[in-house]
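Below, each chain spelled out in residue letters.
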Amino acid sequence: MASQILRRVIRGHSILSTSSNPNRAFFSSAATTPIKATLFPGDGIGPEIAESVKQVFKEADVPIEWEEHYVGKEIDPRTQSFLTWESLEAVRRNCVGLKGPMATPIGKGHRSLNLTLRKELNLYANVRPCYSLPGYKTRYDDVDLITIRENTEGEYSGLEHQVVRGVVESLKIITRQASLRVAEYAFHYAKARGRERVSAIHKANIMQKTDGLFLKCCREVAEKYPEIQYEEVVIDNCCMMLVKNPSLFDVLVMPNLYGDIISDLCAGLIGGLGLTPSCNIGEGGIALAEAVHGSAPDIAGKNMANPTALLLSSVMMLRHLELYDKADKIQNAIMTTIGEGKFRTVDLGGTASTSDFTKAVCDHL
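Because the structure is a prediction, the values reported are computed rather than measured. (Residues numbered from 1 in each chain as written. Predicted model: local features only at pLDDT ≥ 70, side-chain atom pairs only at ≥ 80, totals over all residues. Heavy atoms only, no water.)

S.K.: I'd like a description of the environment of Lys329, backed by residues and values.
M.R.: Examined against the element boundaries, Lys329 turns out to sit in helix α10 (residues 324–340). Judged by relative accessible area, Lys329 falls into the partly exposed class, the value being 36%. Residues Lys329 and Val315 lie 14 residues apart in sequence; the distance between their C-alpha atoms is 9.3 Å. (Helix = DSSP H or I, 4+ residues; strand = E, 2+ residues; numbered from the N terminus. Buried < 20%, exposed > 50% of the residue type's maximum accessible area, 1.4 Å probe, protein only.)

This is the structure:
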């Protein structure tokens with residue numbers, strides 16, 4: 001079953017942004033001139049797992065030239081965060097990038113690093129494939145679904161204030177423009193990959209105005225895709241259904257906060273965030289792939305981190321660049337390494353180091 005899912009995954013995710021999107025940036029799969037991509041190694045274990053990606057890419061002879069940018073030590077007033085304006089401009093210029101984990105100190109009064117990237121680059125859709133890995137046993141062996149999360153508004157709009165002492169208010173923003181955009185992306189994604197159903201996740205029974213608008217937009221888009229089944233599922237019921245039987249779902253589209261929760265839940269179904277790839281899609285053909293797990297400062301520098309999530313995210317980046325052969329080659333090497341079980345990192349129940357796992361992947365290329 002798992003091997004069948006893997007074959008479907010490789011076929012189904014061959015294109016991240018499709019040619020009918022007018023903002024799609026095209027790249028030749030036969031490119032010989034290096035393609036420049038922005039790399040944010042990130043914090044904590046980020047530099048170690050980013051180094052793994054660079055080693056694997058070098059071994060696979062991937063025509064990528066990395067332009068590396070690091071989180072600053074002082075707040076840049078132009079971005080109101082530790083990300084510099086120059087690093088954001090690098091992503092806009094290159095149109096493609098890869099991001100390691102970035103940690104934002106809690107309650108320090110400055111802008112989240114991830115929120116800065118999403119807002120400034122208008123990364124409106126977070127796409128996270130979730131599929132069972134051959135040879136790695138979890139409670140489920142038939143998971144094969146996609147979460148598509150609206151990435152720019154909702155509860156994560158960052159609009160909070162104190163009403164009176166002891167009372168604070170956080171605003172949830174839902175707009176027709178953003179809802180239509182992410183719904184259109186979800187349905188187009190489903191159609192392009194032969195997916196059969198799109199589920200809109202909501203809490204419109206309570207938040208009738210905000211989630212009601214989101215559903216209205218999803219229904220509007222669904223009418224243009226009669227070949228795709230459309231359903232609406234309340235967020236709490238969705239969580240229960242996912243845990244009971246994840247095969248009930250195919251493509252899920254949802255507002256920001258729900259997407260944050262559901263996508264992590266789905267990662268738990270297949271073994272955790274350390275195995276889950278992710279890519280953010282933005283206007284103008286921008287794609288920023290990322291590892292969505294934390295920076296794990298407790299194991300930073302100890303050669304213990306699992307680079308799988310960032311490696312699989314880099315595979316998504318390669319498919320966006322239409323470097324399909326390289327993407328399949330690297331993904332197959334990762335799957336073989338994990339499936340054999342000889343070189344698994346501690347989080348996967350093994351004893352291998354980051355460098356051991358990386359070398360094994362390179363050996364399987």
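S.K.: I'd love a proper account of the pattern of salt bridges, names of residues and values included.
M.R.: All told, the structure shown has 23 salt bridges when counted by the stated rule. A salt bridge links Lys54 to Glu68, with the shortest nitrogen-to-oxygen separation between them at 2.7 Å. You can see Lys54 sitting in helix α2 (residues 46–59) and its partner Glu68 sitting in strand β2 (residues 64–68), a full 14 residues away along the chain. On the basis of relative accessibility, which here comes to 24%, the residue Lys54 falls in the partly exposed class. The class for Glu68 is partly exposed, based on a relative accessible area of 29%. (Salt bridge = Lys/Arg side-chain N within 4 Å of Asp/Glu carboxyl O.)

S.K.: Just give me the short version of unusual backbone geometry, but keep the residues and values in it.
M.R.: The backbone of Asp61 shows a phi angle near 60°, a positive value even though the residue is not glycine. For Asp61, a relative accessible area of 59% translates into the label exposed. The backbone of Ala296 shows a phi angle near 45°, a positive value even though the residue is not glycine. Structurally, the position occupied by Ala296 is in the loop between β12 (287–290) and α9 (308–320).

S.K.: Help me get a handle on the packing of α10 against helix α11 (residues 354–363), residues and values and all.
M.R.: Their axes nearest at 8 Å, the elements α10 and α11 cross at an angle of 120°. Compared by their axis directions, α10 and α11 come out oblique. Our pair here, α10 against α11, has a crossing hand that is right-handed. Facing α10, whose interface residues are Ala333, Ile334, Thr337 and Ile338, α11 presents Phe357, Ala360 and Val361. (Axes fitted to C-alpha atoms, helices over the stretch in contact; angles between N-to-C directions. Parallel < 35°, antiparallel > 145°, perpendicular 65-115°, else oblique. Left-handed = near helix turned anticlockwise from the far one by under 90°. Contact = heavy atoms within 4.5 Å.)

S.K.: Please give an account of the nonpolar core that cites residues and values.
M.R.: The biggest cluster of nonpolar side chains holds 71 residues, and the ones touching the most others in it are Ile64, Ile148 and Met317. For this core, the element with the highest residue contribution is α9, accounting for eight residues. Core analysis: the next-biggest nonpolar cluster, separate from the first, contains 17 residues, Tyr140, Val233, Leu269 and Ile270 among them. (Core = buried A, V, L, I, M, F, W, Y, C linked by side-chain atoms within 4.5 Å.)

S.K.: Break down α11 for me, citing the residues and quoting the values.
M.R.: If you check which residues of α11 are buried, you get Thr354, Phe357, Thr358, Ala360, Val361 and Cys362. Tucked inside the fold, the buried residues of α11 contact α2, α9 and α10.

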